[in-house]
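# Fold and geometry: a report
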Amino acid sequence: MTYVEKVLKNLKEQNPDEPEFYQAATEILTTLEPVLEKHPEYENQSLLERFVEPERVIMFRVPWVDDKGKVRVNKGYRVQFNSAIGPYKGGLRFHPSVNLSIIKFLGLEQILKNSLTGLPIGGGKGGSNFDPKGKSDREIMAFCQSFMTELFRHIGADTDVPAGDIGVGAREIGYLFGQYKRIRDEHVGVLTGRGLSYGGSLARKEATGFGLVYITEEALKTRGDSFNGKTVVISGSGNVAIYACQKAQSLGAKVVAMYDSNGYVYDPDGIKLDIIKDIKEVKRGRIKEYVDRVKGATYTEGCSGIWTVPCDIALPCATQNEIDEKSAEILVKNGVKYVAEGANMPSTLEAIKVFQDSGVVFLPAKAANAGGVATSALEMAQSSGRLFWSFEEVDAKLKNIMINIYHNIEMAAKNYGYDGNYVMGANIAGFIKVADAMMAHGIV
Ligand code: NDP
Ligand code: 2IT
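Criteria and thresholds
Residues numbered from 1 in each chain as written. Chains lettered and ligands numbered in written order. Predicted model: local features only at pLDDT ≥ 70, side-chain atom pairs only at ≥ 80, totals over all residues. Heavy atoms only, no water. Helix = DSSP H or I, 4+ residues; strand = E, 2+ residues; numbered from the N terminus. Rg over C-alpha atoms; globule rule 2.2 N^0.38 Å. Buried < 20%, exposed > 50% of the residue type's maximum accessible area, 1.4 Å probe, protein only. Contact = heavy atoms within 4.5 Å. Areas by Shrake-Rupley, 256 points an atom, 1.4 Å probe, with all protein chains shown as cover. Lys, Arg positive; Asp, Glu negative; His and termini not counted. Charge placed at Lys NZ, Arg CZ, Asp CG, Glu CD. Salt bridge = Lys/Arg side-chain N within 4 Å of Asp/Glu carboxyl O. 1 Å grid on protein atoms, 1.4 Å probe; cavity = no way out; pocket = protein on both sides within 12 Å on 5 of 7 lines; lining within 4 Å. Points joined across faces, edges and corners; volume = space filled by probe spheres on them. Nonpolar A, V, L, I, M, F, W, Y, C, P; charged D, E, K, R; others polar.

### Some thoughts on the overall build of the chain
When helices and strands are counted, the chain shows 18 helices and 12 strands. The C-alpha radius of gyration of the chain comes to 21 Å, within 12% of the 22 Å expected for a compact globule of 444 residues. By its C-alpha atoms, the chain is 65 × 55 × 45 Å across when sized along the principal axes. Taken over 444 residues, the chain has a buried fraction of 57%. Intrachain contacts of the chain at a sequence separation of at least 6 include 71% that bridge at least 24 residues. Surface exposure of the chain reaches about 17,700 Å², of which carbon and sulfur atoms provide 50%. Taken together, the 52 basic and 54 acidic charged side chains of the chain have centroids lying 5 Å from each other.

### Some points on the pattern of salt bridges
Scanning the entire structure with this criterion turns up 22 salt bridges. Note that Lys6 and Glu43 form a salt bridge whose closest N and O atoms lie 3.7 Å from each other. Taken together, the residues Lys6 in helix α1 (residues 3-14) and Glu43 in helix α4 (residues 40-44) connect sequence positions 37 residues apart. According to the relative accessible area criterion, Lys6 is partly exposed, its value standing at 42%. Here Asp357 and Lys353 are joined by a salt bridge, their closest N and O atoms 2.6 Å apart.

### Description of empty space enclosed by the protein
One pass over the full model with this rule turns up 1 cavity of 30 Å³ or more. For the largest cavity, the calculated volume is near 70 Å³. A breakdown of the residues in the lining of the largest cavity according to their chemical character gives 6 nonpolar, 2 polar and 4 charged.

Encoded structure:
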């Protein structure tokens, strides 16, 4: 049994109810064999065993009162996974599916993603099984205040800096920040994705989606191609999906389908993004309303059918495991050439294999969606310096970071003999920096 196999076996035995965490660990660790061969000291120092064990897991009760006066109780989580290269950094997810396995998979991914940005940020993730759908603003506020009333003692601008993820956007960050400031009496950069009036960064809202398109554009460019005239399918219609759509359209692509958790819309003339924004960002409604407003568009109940829509480029931007082996096979059969992951772990291990075996250019999440957290780190830099950069300055830095990530993962894959395998490249390039820092710190 190899070192990696031993660590994975032990991980499964020790964490039997954590399939998503095991999936993410398998994807990462199985690609690190060539690095471990070069560095036998890693096994001697049990580096992988330490890498897959979070530095700290915080779980807490979140009681709040709904509009009917009923007391409700949710679970709160913050996994402070790895601080070797900087303070813990990563989003908060509010979704009924949230459990420890999901937060740990997201935290593990975040360590390597944050390393790939080239910026000094460690890995963490948190959230709750709270469902923001259908809640009033007052209920959202009550929940966020209760959540922060416990979380505040574990975070800090130089310790752990949360941000948004599924179900956590500008509104939630505002309520969370307000409560932190009230309890600590500190106006500091303890959360990112803040509003522009209280320390947020221009272009953070757009950053993940824009960054996803920038890295895909670089992959196209190195192959003498571009987004212009390409047919694109984007899953989701939240923060990442909307701004990926906006940037892809601005580069001349035709985005023909998007979805929310109920079903997908297909618009052969190209999605009208202002209508999607009005439905999802302004009215917090359902995507099926699109077909009442746009002639020629169709709505299909259920999500997975979106992958039967033929496209050149697929950008999964909703959630984990939304593309399984069967969907991947259909995408390939219909001629997809590029798959870039805006969501975290949207492709199953089997789906990734289908893409790679078929010669699809596959850009994995930890590289492709790193623009969000990279811009969060730029927000932290602006907070520390008590200054603001223009939209153009932040956007230019973001683009540069994404182009650098592309070339770093490309080079790492090539150097280790896996040309074009960006899963290998991203994991190896991300891991080397973290491993180096962990070794320098001794047994901690
Ligand atoms: P949002 O909450 O803004 O949007 C999520 C979108 O995905 C919505 O359209 C939602 O549908 C849909 N969705 C969520 N869960 C499911 C599900 N279980 N099945 C089907 N559809 C689902 O979140 P974000 O756009 O911020 O996040 C999307 C993905 O991108 C996540 O994987 C997140 O981890 C990742 N990500 C986010 C970053 C960020 O900066 N925000 C940075 C990097 C990655 P509905 O409207 O019906 O709920
Ligand atoms: O998955 C992610 O990278 C995020 N949700 C963004 C994290 C952040 O700290 O900006």
